[in-house]
Amino acid sequence: MPAEHVDVLIVGAGLSGIGAACHLQRESPGKSVAILEARGAIGGTWDLFRYPGIRSDSDMFTLGYSFKPWTNAKAIADGDDIREYVRETAREYGVEAKIRFQHRVVSAEWSSETARWTVHAHRDDTDETVQLTCSFLYTCSGYYRYDQGYTPDFPGSDEFTGQIVHPQHWPADLDYAGKKVVVIGSGATAVTLVPAMAETAAHVTMLQRSPSYILSMPAKDAVADTLRDKLPAGVAYPIIRWKNVLLTMLMFQLSRRVPSVVKSVLRKGVTAQLPEGYDVDKHFKPRYDPWDERLCLVPDGDFFKSLRAGRSSVVTDRIERFTEKGIRLTSGAELEADVIITATGLNLQAVGGMQLTVDGKDVNLPDTVAYKGIMLSGVPNFALTLGYTNASWTLKADLVGEYICRLLNQMDARGQQIVTPLAPEAGQPLTPFLDLKSGYVQRSIDSLPKQGPAAPWKAYQNYVRDLLLLRRGPVDDGLRFGRVPPLVAVPTPAATTEATPTTASA
């Protein structure tokens, strides 16, 4: 029996995947769509991570969808609220019924003879392998591994008699009340965990090898609240969204052009919230420029409140080894701990770890070049969503969704079935796709696609520029279009013929 066929197959039912399906529902309603989700619930990152205090690291007026106003009072939202927002969006647009849970995509093979992908997925609930075909494959699985976080090999970890936990795999029954906790790390996860755990723990120590930039901002946006009180939601939301987009862009551009000024501003903000005489240089003076790594946002300064109250502390040192009772540092000091949290980062994984094959040849991702940050050179009818590193992820995800709908609609209008990005001319300098210097990026940067020196092959990490390129610019620059050879029939199961009225016939 022929495999089930859909026009567009989306991989991932997180923030990006649900948004992609909603864009197709809104802008290409004739397309049949299915979503394969490896886990058992909607939400992606926001369903996976359940550690205390988890929240957005961007304001929700830009992390929210362009077509679905964020109405919650908090601008920096809790994980539960974000998860419910994504689920509510899926319900509102009828996307829930399109999701196949527990379907982990393993591989996908493209055939130019039929202009179709054959996608193989493992059903983790039944241990079966299922097969679908699609005319367009759209991956929205982020860029890190969901099944495994990154933990360095700490000498002596097997000697520690307490509990070691990675935030990506937080036990629902972890009891740290009244206990000594050490959180290893200095990124967004660590500065989120420290104040949240300090509310009930005996004491929480953030152990960092080197400091990160931390920016305190109000949990509620006063300007946004005023605008929402005085204007209809459909009017207020775009204004608030653009305000925050432009402020973020200004911060990033200043960080690139006059990093010393931004450093000074960030330092003053941190110093003002620390106890008098605190060693700012040792614990809060990073060795890199702002936005070489993402800034850590703390709503209402909760991280600093915890330090001032004495419920938590920061230690800047290196780990020599774990011991029976805690961690011995290279300075000779020892931190006692009942619980150690390894907030040490992520493992990168492009396209959800699936193996792509084009006409019998495996695709090696590092050999490809990203087209408009969306498609890959030499890979037909394929797109991936990778959000911004210097702004809210969803700003880019929304633009990707709009662009894919424009592309598919144009192909239908012109009777085209195949679209392939042409690789840039040989000899052009290529650089890594992600420009962050964060450890989790640098560890795996060679496994990701490359980018070129100029559009449409360069990912500018600039929302305004991408807005003009993806929403207003030409759809077909740098692309090759085609059709299935006329003598080759495209098999379409009778059961799905009515569900795919826009699929071009051979």
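Predicted model, so just to flag it, every value in this text is computed and none were measured.

**Quick look at the packing of helix α1 (residues 15–27) against helix α4 (residues 79–92)**
Part 1: The interhelical angle for the contact between α1 and α4, taken along N-to-C directions, is 20°, at an axis separation of 10 Å. Taken together, α1 and α4 sit at an angle that is classed as roughly parallel. The hand of the α1/α4 crossing is left-handed. Here L15, I18 and C22 of α1 come into contact with α4, specifically with V86, T89 and A90.
Part 2: Each residue belonging to the contact of α1 with α4 can be placed in one class, and the counts come to five nonpolar, one polar and no charged.

**Concerning a nonpolar patch on the surface**
Part 1: The grouping of L247, L250, L254, V258, V261 and V265 at the surface amounts to a nonpolar patch, some 490 Å² of accessible area in total.
Part 2: By residue number, the principal contributor to the nonpolar patch is helix α7 (residues 233–257), which donates three residues.
Part 3: With respect to the helices, strands and loops of the structure, V265 is situated in helix α8 (residues 259–272).

**Overview of the packing of helix α11 (residues 393–414) against helix α13 (residues 463–472)**
Part 1: Where α11 contacts α13, the axes come no closer than 9 Å and their chain directions differ by 15°. The angle between α11 and α13 places the two elements in the roughly parallel class. Considering how the two elements wind past one another, α11 and α13 form a crossing that is left-handed. Residue-level inspection shows L395, K396, L399, E402, Y403 and R406 of α11 in contact with α13, the latter providing Y463, D466, L467, L470, R471 and R472.
Part 2: Broken down by class, the residue content of the contact of α11 with α13 amounts to six nonpolar, no polar and six charged.

**A short note on the pattern of salt bridges**
Oppositely charged side chains can pair when the atoms bearing their charge come close.
Part 1: What the rule picks out here adds up to 27 salt bridges.
Part 2: With a shortest N-O distance of 2.7 Å, E92 and K68 are connected by a salt bridge. One end of the pair, E92, is in helix α4; the other, K68, is in the loop between α3 (60–63) and α4, and 24 residues separate them in sequence.
Part 3: Given the relative accessible area of 8%, K68 is considered buried.
Part 4: The salt bridge partner of E84 is R91, with a shortest N-O separation of 2.6 Å.
Part 5: Salt bridges linked by common partners bring R39, D47, R50 and R87 together as one network.

**With respect to the nonpolar core**
For soluble globular proteins, nonpolar side chains are generally found buried alongside one another.
Part 1: Ranked by internal contacts, the top residues of the largest apolar core, which has 137 residues, are W117, L137 and F303.
Part 2: Dropping the residues within four chain positions of it, L137 is found in contact with L9, V11, A108, W117, V119, M354, L356, N381, F382 and A383.
Part 3: Listed in part, the 12 residues of the second largest apolar core include I184, I327, L335 and A337.

**Describing the environment of E336**
Part 1: Tracing the chain through its elements places E336 in strand β15 (residues 334–336).
Part 2: Classification of E336 as partly exposed rests on a relative accessible area of 48%.
Part 3: For the pair E336 and M197, spaced 139 residues apart in the sequence, the C-alpha separation amounts to 16 Å.
Part 4: Excluding residues that lie within four positions of it along the chain, E336 makes contacts with K180, V182, K325 and G326.
Part 5: Within the structure, the side chain of E336 is placed 2.9 Å from the side chain of K180, a separation counted as a polar contact.

**Details of the sheet that holds strand β12 (residues 312–316)**
Part 1: Spatially, the five strands line up as an open sheet ordered β7-β16-β8-β9-β12, and their pairing is parallel. At either end of the open sheet lies a strand with only one pairing partner, and these are β7 (163–165) and β12. Adjacent strand axes in the sheet meet at a mean angle of 20°, parallel and antiparallel pairs treated alike.
Part 2: Both strand β8 (residues 180–184) and strand β9 (residues 203–208) contribute to a ladder of five bridges, which runs parallel. Each residue of the ladder has a partner; that of V181, found in β9, is V204.

**Thoughts on the packing of aromatic side chains**
Part 1: As enumerated under the stated definition, the model contains 19 aromatic pairs in all.
Part 2: Taking the centre distance of 5.2 Å and the plane angle of 70° together, the rings of W70 and Y85 count as edge-to-face. Of this pair, W70 sits in the loop between α3 and α4 while Y85 sits in helix α4, placing them 15 residues apart in sequence.
Part 3: The interplanar angle of 70° and the centroid separation of 5.5 Å between the aromatic rings of Y371 and W457 together place this pair among those described as edge-to-face. Remark: W457 occurs in the loop between β24 (450–451) and α13 and Y371 occurs in strand β19 (residues 370–371); sequence separation between them is 86 residues.
Part 4: The exposure class assigned to Y371 is buried, which follows from its relative accessible area of 0%.
Part 5: W457 sits in the buried class, given a relative accessible area of 8%.
Part 6: The ring of Y460 carries K458 above its face, with NZ or CZ at 5.8 Å from the centroid.

**Some remarks on the sheet that holds β15**
Part 1: Read across the open sheet, the three strands follow the order β13-β14-β15; overall the sheet is antiparallel. Every interior strand has two partners, whereas the edge strands, β13 (319–322) and β15, have only one. Each neighbouring strand pair of the sheet contributes to a mean axis angle of 20°, computed without reference to strand direction.
Part 2: As paired strands, strand β14 (residues 326–329) and β15 are joined by three bridges and run antiparallel to one another. Each residue of the ladder has a partner; that of G326, found in β15, is E336.

The rules behind these values
- Residues numbered from 1 in each chain as written.
- Predicted model: local features only at pLDDT ≥ 70, side-chain atom pairs only at ≥ 80, totals over all residues.
- Heavy atoms only, no water.
- Axes fitted to C-alpha atoms, helices over the stretch in contact; angles between N-to-C directions.
- Helix = DSSP H or I, 4+ residues; strand = E, 2+ residues; numbered from the N terminus.
- Parallel < 35°, antiparallel > 145°, perpendicular 65-115°, else oblique.
- Left-handed = near helix turned anticlockwise from the far one by under 90°.
- Contact = heavy atoms within 4.5 Å.
- Nonpolar A, V, L, I, M, F, W, Y, C, P; charged D, E, K, R; others polar.
- Patch = residues over 30% accessible without salt bridge, like charges linked within 9 Å, V, L, I, M, F, W, Y side chains within 5 Å.
- Areas by Shrake-Rupley, 256 points an atom, 1.4 Å probe, with all protein chains shown as cover.
- Salt bridge = Lys/Arg side-chain N within 4 Å of Asp/Glu carboxyl O.
- Buried < 20%, exposed > 50% of the residue type's maximum accessible area, 1.4 Å probe, protein only.
- Core = buried A, V, L, I, M, F, W, Y, C linked by side-chain atoms within 4.5 Å.
- Polar contact = N/O pair within 3.5 Å; in protein donor to acceptor, adjacent residues only side chain to side chain.
- Pairing = 2+ DSSP bridges.
- Phe/Tyr/Trp six-rings, centres within 6.5 Å; stacked < 30°, edge-to-face > 60°.
- Lys NZ or Arg CZ within 6 Å of the ring centre and 35° of its normal.

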